[in-house]
Each structure stands twice: as C-alpha cells, then as structure tokens.
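Commentary on secondary and tertiary structure
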Amino acid sequence: MQPIHFNFGGYQKPASIHNQAAVRFGELLLQKLGNRVTFELIGNVLDLGRGSGDLPIMVENGELDFCYISTVRFADDVPELKLLELPFVVPSREVVCRALDGELGARFTRQMHARTAHRVLGYWDNGFRHLSNKVRPIRTPADCTGLRIRTQMSALHAEAFAALGFVPVPADIKEFAAEVGGDRFQAQDNPLTNTYNFGVHKFHRYHTLSSHFFGASAMIGNAAKYAGWPADVRAAVDVAGREATAYQRQLAAAEDATIMAKLKTEAVEIVTLTPAEHAAFVAALAPMLEKYRRELDPALFDALR
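My aim in this report is to walk through the structure given alongside it, one point at a time. (Residues numbered from 1 in each chain as written. Predicted model: local features only at pLDDT ≥ 70, side-chain atom pairs only at ≥ 80, totals over all residues. Heavy atoms only, no water.)

**Some thoughts on the pairing of strand β4 (residues 118–133)**
Working note: regular strand, side chains alternate between the two faces of the sheet. For β4, the tally of buried residues reaches 15 of 16 residues, placing the bulk of the element in the interior. Across four bridges, β4 lies against strand β7 (residues 187–190) in antiparallel orientation. Looking across to β7, one finds that serine 132 is bridged to glutamine 188. (Buried < 20%, exposed > 50% of the residue type's maximum accessible area, 1.4 Å probe, protein only. Helix = DSSP H or I, 4+ residues; strand = E, 2+ residues; numbered from the N terminus. Pairing = 2+ DSSP bridges.)

**Details of the environment of glycine 182**
Along the chain, the position of glycine 182 falls in the loop between α6 (173–179) and β7. Glycine 182 sits in the partly exposed class, given a relative accessible area of 26%. A sequence separation of 21 residues divides glycine 182 from phenylalanine 203, and the C-alpha atoms of the two residues are 9.0 Å apart.

**Focus on unusual backbone geometry**
Not every positive phi belongs to a glycine, and phenylalanine 88 is a case in point at roughly 60°. Note on placement: phenylalanine 88 falls in the loop between β3 (66–70) and α3 (93–100). Although it is not a glycine, serine 211 sits at a positive phi angle of roughly 50°. Inspection of the secondary structure assignment puts serine 211 in strand β8 (residues 206–222). Of the residues examined, serine 211 reaches a relative accessible area of 27% and is grouped as partly exposed.

**A short note on the pattern of salt bridges**
Under the counting rule described, the total for this entry stands at 22 salt bridges. The shortest N-O distance in the salt bridge between lysine 32 and glutamate 243 comes to 3.6 Å. Linking lysine 32 in helix α1 (residues 17–33) with glutamate 243 in helix α9 (residues 231–263), this pair joins segments that are 211 residues apart in sequence. A salt bridge links glutamate 63 to arginine 50; its shortest N-O distance comes to 3.1 Å. In this pair, glutamate 63 is assigned in the loop between α2 (55–60) and β3 and arginine 50 in the loop between β2 (37–42) and α2, connecting sequence segments 13 residues apart. (Salt bridge = Lys/Arg side-chain N within 4 Å of Asp/Glu carboxyl O.)

**Examining the layout of surface pockets**
A probe matching the size of a water molecule, rolled over the atoms, marks out where space remains unfilled. Approximately 240 Å³ is the volume attributed to the largest pocket. Taken together, the elements giving at least two residues each to the lining of the largest pocket come down to α4 (103–115), β4 and α9. (1 Å grid on protein atoms, 1.4 Å probe; cavity = no way out; pocket = protein on both sides within 12 Å on 5 of 7 lines; lining within 4 Å. Points joined across faces, edges and corners; volume = space filled by probe spheres on them.)

**Structural notes on the packing of aromatic side chains**
Counted by the stated rule, this structure contains 18 aromatic pairs. Here phenylalanine 25 and phenylalanine 39 contribute two aromatic rings whose centre-to-centre distance is 6.2 Å and whose plane-to-plane angle is 70°, an arrangement assigned as edge-to-face. Linking phenylalanine 25 in helix α1 with phenylalanine 39 in strand β2, this pair joins segments that are 14 residues apart in sequence. What makes phenylalanine 25 buried here is its relative accessible area of 0%. You can call phenylalanine 39 partly exposed: its relative accessible area is 22%. (Phe/Tyr/Trp six-rings, centres within 6.5 Å; stacked < 30°, edge-to-face > 60°.)

**Looking at the environment of proline 87**
Tracing the sequence through the fold places proline 87 in the loop between β3 and α3. For the pair formed by proline 87 and leucine 29, sequence separation is 58 residues and the distance between their alpha carbons is 37 Å. Residues contacting proline 87, with those up to four places away along its chain left out, are His212, Phe213, Leu285, Met288 and Leu289. (Contact = heavy atoms within 4.5 Å.)

**Observations regarding helix α10 (residues 275–295)**
Helix length check: α10 (21 residues) gives 29 Å between terminal C-alpha atoms against 30 Å at 1.5 Å per residue, within 8%. The largest bend in α10 amounts to roughly 50° and is located at alanine 286, with the proline proline 287 lying one to four residues further along. Those residues of α10 that are buried are in contact with α5 (155–164) and α11 (298–302). (Expected span 1.5 Å × (residues − 1). Bend = angle between axes of the 7 residues up to and from the residue.)

**As for the packing of α5 against α10**
Packing of α5 against α10 brings their axes to within 9 Å, and their N-to-C directions diverge by 140°. Considered as vectors, α5 and α10 are oriented oblique to each other. Relative to α10, the crossing made by α5 is right-handed. Packed against α5, whose contacting residues are Leu156, Glu159, Ala160, Ala163 and Leu164, the element α10 presents Phe281, Ala284, Leu285, Met288, Lys291 and Tyr292 at the interface. Of the residues contributing to the contact of α5 with α10, the split by class is nine nonpolar, no polar and two charged. (Axes fitted to C-alpha atoms, helices over the stretch in contact; angles between N-to-C directions. Parallel < 35°, antiparallel > 145°, perpendicular 65-115°, else oblique. Left-handed = near helix turned anticlockwise from the far one by under 90°. Nonpolar A, V, L, I, M, F, W, Y, C, P; charged D, E, K, R; others polar.)

In structure tokens form, the structure reads like this:
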C-alpha cells in the first residue's frame, strides 16, 4: 500500500518558531505511523510567489494537507474570532492559552468546522504585536498621526490603527516583506519574532513595545482528506497536533527575550512605554472596544479574564 503523503505549508523562514513546530508535527507523525506516511514541509510559500493568504485556500483545494495561518483570515466565516482582533483584550499569554485550550477554543473550533472546509488541530501563539516605524519614536497616540502603517488583512486592525491616527494600508506579508524598504509603508506592527526574522529592523529604527494586539494562528488541515484517513491516522494527527501546539507555545514564550537581545545589538531605538503612556493608548481605543463589546457575546470577553 502506498504511504499517505502529508504536506504542510507555512510562510516563514526555516528557523521560525512556527516552522520549528511544523517540523515537530511531522516528526511526531513519523514516530507514530512509521512508513505508512511521508511528510514534507513547504516552509515558505512566499518563495513560490504565493501570499500567506493563499495558505488556507491551498489547504481547502487539497494542494496542501496542513498549514498555519493567522486567525484573522477566518473572522468573516467565524465572527466570534473578531475577539482576537480587538485591542488590549488579552491580558497575558497564560490567560489566552488557557482560554484557547478550554471552552473558548472549543467554541471557535465548532464554528470553524461548521462554516469552513478546515479541520482545526490547534491554536498557536503568534505573540503580542508591537509597533515599529522609520520616521520617529512613538510614545503617544499623537505620534502615530499620518504614518502609513502596513496592517494585516483585518478590517478591525485597520479600524484600530485609524483611531490612533495612522493611515492603514492592509497588505499580505508577501507584499510588505518585498516593499518594507520603500516608501509605501512607514510603519508596521508584528510580534518581535516576525519584525526581526522578516528583516524589518534593518529599515525601521524605532520600535515601541505596545502589546496592542495578541495574535493567534490556527493550525488547520483539509477536513475532507482528514475524514478519509483511517481512524488510527486521524487519531495520530490529532495527538501530533496537540503536541506540536504545546511545543510551539513553549518556543513562543521564550522568543521575545531572544529577539530583544538580538535587537539590542542593532541600530534601533526601543521604546518601553510607561504605565501612563500605555494607558493613553488604551484610552484612545476604548470607544472602538466598547462598540464591539456591544456587538459580540459577553461570554467571549469573560473567557479572557
């Protein structure tokens, strides 16, 4: 019998914590299933001329079996996921990971399975997002005024940045990585690992540790293919997904300190906001947050307490 060939897609460099976790997922499958399966990691589809936003489409059409991708890509299908696109709602990694492993994550997963062609295998830690730019230090919302900022493909992110005075420019990471040195974007937000590994620090001198959003990535598979695999293969995929998720979160928790140490050797300025300065950003975005508190189920917010 021919082995089942699994391929897994990503959009980052080999050393990224996401790709390290994807490698672990493949190793676990091979350990559990032996020569019944083969595994291939296509770690950076950007090198193939594809955008990161192509990944869930590639999984849905069967071109890939698995991928990781930001949950912002699914908010239209699963409006509950808007919770993770709102500013200053996640108090800590510990709280959000506990929620994603509990009823909140189960609720997201039920809706993903009902409304998309994907099988959810885990929710990964995509880190707290911080600001960087090439123009001036940012310490107050007023410092954001007029700066063109690359945002994820999220209407809520764009709304938040506009409320701070930025000019949002939504773009796939493929576009941003190719154009970060040009004039189209003056600012961006990302977890520190992405800011460093995509080389943004080579063009952006000013980095503000704002922690304004927390990002989650969904590890997903093709639901139809999953349903067609033997029961023991499905079970192995589920277990490997949980174990790879735990491993990815361990890497993510240590990554910020690692990247901060690297950034301090570069020609950049790092702004650590005082409590009062941080509170000013929270206050500037409070009206937006209140609007979505009225729109979304209060139980979603309760899960992050």
